[in-house]
Amino acid sequence: MPQIFDMILKNAMIVNHNGAGKRDIGIRNGRIVALGDLSRTSAGEVINCSGLHIVPGMIDSQVHFREPGFEHKEDLDTGSRAAVLGGVTAVFEMPNTTPSTTSSEMLIDKVIRARHRMHCDFAFWVGGTRENAHELGELERLSGVAGIKVFMGSSTGDLLVDDDAGVRAILRNTRRRVAFHSEDEIRLVERQHLRIENDVASHPVWRDDLVSLKSTERLVGIARETGTRIHLLHVSTAEEIAFLKDHKDLATLEVTPHHLTLSADDYALLGTLIQMNPPIRAAHHRNALWLGLQQGIVDVIGSDHAPHILEEKQKPYPASPSGITGVQTIAPIMLDHVNSGRLTLEAFVDLTSHGPNRIFGISRKGRIAVGYDADLTVIDLKRRETITNAAVASKAGWTPYDGRMVTGWPVGTIIRGHRVMWEGEIVTLSKGEPVEFIETLPHC
């Protein structure tokens, strides 16, 4: 008797943990139930993907969607709209909102706001502080929690744990992998005089490579002392790559498309639009990140989507805020690097889906495999498009890549069997659900 599916994706090149090959995907009840030649089967919806590649749904594990408190910059609706237009099927959203996500009440509030309002699936990082350190063991096990996030250096928001004792207390009370913004606050304060009015090129002089390295060295020492797994966000320096390769037993790390693509030379043209924490740095740091990626030291790519409206970004430095948009352009920018030969498509898959699945213990996402959620990103690897401000779905309405022509483009976003985006149009609204994690699944 022929099998019947809800959806069949036919004739695509499937890129997965076991390589690339032409196979059909059969989907039923939101899950992948068959892979292979499904020409003798039928489905409610059959999509011919000839000439296209299908990869596991992209997971962006670092976004700032600004709700609550900064909805004029972004909210959970617009941020997730940008995500699915960029081929992203799930995001982990950061806690530096107002109020900060530091309690079960604030976490529950965010989950309620997000469910069936966000267009992609989601999890939320809980902010670790000195005040809530004793509660983190319970908070990290709540439904919808990606883990604990700690700011060791000041950035957007008021979450800051800049002392070793505070970091140690947090790590002693956690069991899941803890994510860190790693910059040394003492060195930041000492070097504030190096900021030059109206000269954003002084940003990486102020927040120099030692600001990051000193903090990361301290953090790894504390993590080894407490026996805790850690995750370094937006690693930006050659020195950190060289250091962290010897600590992969406990430390995973993320790099961003902007740190892989831009350099300090771009301040002359883009100014405060590319002002970030940690900063866009000299080209030799960018080259070291690529080497770390090619040698397998880097575990994931996250966008660090952190929008501000143009009126704010165009303030004279250092009054200008740090942060750029990125969740909608992570695929186009990185696929362009694939086409230029800097990255294989298999490595792209590992960094954007397998990697998050592996290091965060995501349940049923991050692979194209029978029994997994039918989360899929459909890409046209040869399509040439120009990234424009006009196409940006974020409330910020701009991208540092405006006018950049790229090769490789996401043409479809499928989440739990729902065709959410197709050919640049959102065709299914607001189906977002919390991501589940193996370490927090209910006990049988």
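The rules behind each value
Residues numbered from 1 in each chain as written. Predicted model: local features only at pLDDT ≥ 70, side-chain atom pairs only at ≥ 80, totals over all residues. Heavy atoms only, no water. Helix = DSSP H or I, 4+ residues; strand = E, 2+ residues; numbered from the N terminus. Buried < 20%, exposed > 50% of the residue type's maximum accessible area, 1.4 Å probe, protein only. Pairing = 2+ DSSP bridges. 1 Å grid on protein atoms, 1.4 Å probe; cavity = no way out; pocket = protein on both sides within 12 Å on 5 of 7 lines; lining within 4 Å. Points joined across faces, edges and corners; volume = space filled by probe spheres on them. Nonpolar A, V, L, I, M, F, W, Y, C, P; charged D, E, K, R; others polar. Salt bridge = Lys/Arg side-chain N within 4 Å of Asp/Glu carboxyl O. Contact = heavy atoms within 4.5 Å. Axes fitted to C-alpha atoms, helices over the stretch in contact; angles between N-to-C directions.

1. Let's talk about unusual backbone geometry
Okay, step 1: Looking along the chain, the bond that leaves Thr98 and enters Pro99 is cis, with omega of 0°.
Okay, step 2: Mapped onto the elements of the fold, Pro99 is located in the loop between strand E7 (88-93) and helix H2 (104-114).
Okay, step 3: Pro278 follows Asn277 through a cis peptide bond whose omega is -5°.
Okay, step 4: Mapped onto the elements, Pro278 comes out in the loop between helix H10 (267-270) and helix H11 (283-294).
Okay, step 5: Phi angles above zero are rare outside glycine, and Asn29 is one such case at about 55°.
Okay, step 6: Within the secondary structure, Asn29 is located in the loop between strand E2 (19-28) and strand E3 (31-36).
Okay, step 7: For Asn29, a relative accessible area of 67% gives the class exposed.
Okay, step 8: Within the chain, Asn198 stands out as a residue other than glycine whose phi angle is a positive 65°.

2. Here we look at the pairing of strand E14 (residues 376-386)
Okay, step 1: Two elements, strand E5 (residues 53-56) and E14, share four bridges in a ladder whose sense is antiparallel. Bridging from a neighbouring strand, Ile54 pairs with Val378 of E14.

3. A closer look at the layout of surface pockets
Okay, step 1: Empty space within the largest pocket amounts to approximately 270 Å³.
Okay, step 2: Along its surface, the largest pocket is lined by 15 residues, and Leu85, Gln328, Thr386, Ala391 and Trp409 are the ones closest to its centre.
Okay, step 3: The residue makeup of the lining of the largest pocket, split by class, is eight nonpolar, six polar and one charged.

4. Notes on the pattern of salt bridges
If the charged atoms of two oppositely charged side chains come close together, the side chains can form a pair.
Okay, step 1: One pass over the full model with this rule turns up 35 salt bridges.
Okay, step 2: Among the ionic pairs, Lys365 bridges to Asp121, the shortest N-O distance being 2.8 Å. Taken together, the residues span a long stretch of sequence, with Lys365 in the loop between helix H14 (345-360) and E14 and Asp121 in strand E8 (residues 121-127) at a distance of 244 residues.
Okay, step 3: When its relative accessible area of 4% is taken as the criterion, Lys365 is described as buried.
Okay, step 4: Of the charged contacts in the structure, one is a salt bridge between Arg364 and Glu436, with a shortest N-O distance of 3.5 Å. Of this pair, Arg364 sits in the loop between H14 and E14 while Glu436 sits in the segment after strand E17 (425-426), and the two are 72 residues apart along the sequence.
Okay, step 5: Take Glu436: its relative accessible area is 37%, and that puts it in the partly exposed class.
Okay, step 6: Here the salt bridges share partners, and the residues they tie into one network are Arg31, Asp121, Arg364, Lys365, Asp373, Asp375, Arg416 and Glu436.

5. Section: the sheet that holds strand E6 (residues 58-63)
Okay, step 1: Ordered by their spatial adjacency, eight strands build an open sheet running E6-E7-E8-E9-E10-E11-E12-E13, and the pairing between neighbours is parallel. Since the sheet does not close on itself, it has two edges, and those belong to E6 and strand E13 (300-301), each with one partner.
Okay, step 2: By the bridge criterion, four bridges tie E8 to strand E9 (residues 145-151) in an arrangement that is parallel. Note on E9: the bridge partner recorded for Gly127 is Lys149.
Okay, step 3: Seen against the sheet, H2 touches E7, E8 and E9 and runs at an angle of roughly 160° to E8.
Okay, step 4: In the packing of helix H13 (residues 330-339) onto the sheet, the strands contacted are E6, E7 and E13, and the crossing angle to E6 comes to about 115°.

6. Quick look at the pairing of E2
Okay, step 1: As defined by bridge partners, strand E1 (residues 4-16) adjoins E2 across eight bridges and the pair is classed as antiparallel. Across the sheet, Ile14 pairs through a bridge with Gly21, a residue of E2.
Okay, step 2: Sheet topology note: the E2/E3 ladder contains five bridges and is antiparallel. Considered in E3, the bridge of Ile25 is made with Leu35.
Okay, step 3: Counting the residues between successive antiparallel strands, the hairpin from E2 to E3 contains two residues, one of them, Asn29, with a positive phi of roughly 55°.

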